[in-house]
Amino acid sequence: MPALALLRTFEVAARHLSFKQAAAELHVTPAAVSQQIRSLEAELGVVLFERLTRAVRLSPRGEALLPKVREGLALLADAVDLACAPAATELLRVIAPPSWASHWLLPRLPGFYARHPEVEIRLASSSETVDHAGAANVLAALARAPGDGRSELAVVFGTGRYPGWRVDPLLTPEYLPVCAPALARGATPLAVPADVVQHTLIHDDTLNHGGDEAWGWHRWLQAAGLDRQAAGSGRHFSNAVLAIEAALAGQGVALAARPIVAGHLASGALVAPFALAIASPCTYCLVGRRHSAERPAVAAFRHWLVEASRRET
């Protein structure tokens, strides 16, 4: 293959059909253009230009060479532009607890996109991000994720103690009873905390933090000065999303995290009959690899999420 500089000189000279005009475009002398064309002709063993008294014109071999050289140079220019252009979007994969992802993060994501349109969030949910033994599985999966720019983050509801990871605390929720308005005003109204034992209690089984089966409704009834044994009955669901849906459907009273049901309370789809709330022993925190913490998409999402959580608190 001839040198790329020689092919470029040939294309410019062929386009202008003038060594002088080609020299002006390439910022060299006409003699330098003539010398490069002769070098190319010698290397190829063919005549590319016919030299006339006051002009040049392409030979048949030159006319055959020009279209492919022009096409090749254009392809190279496109390749360089593609390599140098900034990426249109940066992909960021986030995994989170189902209730937090659907009821807290999703309604707020448009605010993030308005500020950072260059980042695309790929959101997934898993109950393993609630800090039982499953949280270790989630973090192990993040550790094995390929280091190809597809940064991975997890929102974990747990202790916040994850050695070796970058951990940013978000918020520690309060839990309070919620139900459909019709249930609260029904035949057995919810006027005082003792009234809850007259209704079906909806249990979110992920509230057994660290295997503490005495948490959840047991803890709220104790705080209300009621018999904890009443928490033994009711309907059980594997996660908060299902428990909240059951409450929305009027199937009973759920113990839910205030930030998760804030939208339903604001719209009136759910009501909180009592002010009594209990603080969770766990906190929502953002967990990610230390070495990728300052990547633009990771840093942007982390700063936005921490700020949004502080406003919520």
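Further up the page is the structure itself.
Since the structure is predicted, the reported quantities are computational estimates derived from the model, not experimental observations.

## Let's talk about the packing of helix α1 (residues 4–16) against helix α2 (residues 19–26)
Here α1 crosses α2 at 125 degrees, and the two axes come no closer than 8 Å. The angle between α1 and α2 places the two elements in the oblique class. Pair α1 / α2 crosses with right-handed handedness. Here Arg 8, Thr 9, Val 12, Ala 13, Arg 15 and His 16 of α1 come into contact with α2, specifically with Phe 19, Gln 21, Ala 22, Glu 25 and Leu 26.

## Section: the environment of His 264
Inspection of the secondary structure assignment puts His 264 in helix α10 (residues 258–267). Each C-alpha atom, one on His 264 and one on Arg 289, is 34 Å from the other, the two residues being 25 residues apart in sequence.

## Topic: the sheet that holds strand β9 (residues 235–237)
Spatially, 5 strands are ordered β9-β8-β10-β7-β11 in an open sheet, and the strand pairing comes out mixed. Every other strand in the sheet has two partners, leaving β9 and β11 (278–279) as the edge strands with one partner each. Taken together, the 4 bridges between strand β7 (residues 174–178) and strand β10 (residues 253–257) define a ladder with antiparallel strand orientation. Each residue of the ladder has a partner; that of Tyr 175, found in β10, is Ala 257. Here helix α9 (residues 240–248) sits on the sheet in contact with β7, β8 (201–204), β9 and β10, set at roughly 165 degrees to β8. Of the strands in this sheet, β7 and β10 are in contact with α10, which crosses β10 at around 115 degrees.

## Describing the pairing of strand β3 (residues 90–96)
Extensive coverage of β3 is indicated by the burial of 5 of its 7 residues. In the sheet, β3 pairs with strand β4 (residues 119–125) via 7 bridges, with the strands oriented parallel. For Leu 92, the partnering residue across the bridge sits in β4 and is Ile 121. Viewed along the sheet, the connection from β3 through helix α5 (residues 98–115) into β4 turns out right-handed.

## A closer look at the nonpolar core
Among soluble globular proteins, nonpolar side chains are generally buried collectively. Grouped together as the largest cluster of nonpolar side chains are 59 residues, with contacts concentrated most on Leu 92, Trp 100, Phe 301 and Leu 305. Broken down by element, the residue count for this core peaks at 8 residues, all from helix α11 (residues 296–312). Residues in contact with Phe 301, not counting those within four places in the same chain, are Leu 92, Val 94, Leu 105, Phe 112, Ile 121, Leu 153 and Leu 286. Ranked by size, the runner-up nonpolar core spans 21 residues in total, among them Ala 23, Leu 26, Leu 40 and Val 46.

Scoring rules and cut-offs
Residues numbered from 1 in each chain as written. Predicted model: local features only at pLDDT ≥ 70, side-chain atom pairs only at ≥ 80, totals over all residues. Heavy atoms only, no water. Axes fitted to C-alpha atoms, helices over the stretch in contact; angles between N-to-C directions. Helix = DSSP H or I, 4+ residues; strand = E, 2+ residues; numbered from the N terminus. Parallel < 35°, antiparallel > 145°, perpendicular 65-115°, else oblique. Left-handed = near helix turned anticlockwise from the far one by under 90°. Contact = heavy atoms within 4.5 Å. Pairing = 2+ DSSP bridges. Buried < 20%, exposed > 50% of the residue type's maximum accessible area, 1.4 Å probe, protein only. Right-handed = clockwise from strand over helix to strand, strands pointing away. Core = buried A, V, L, I, M, F, W, Y, C linked by side-chain atoms within 4.5 Å.

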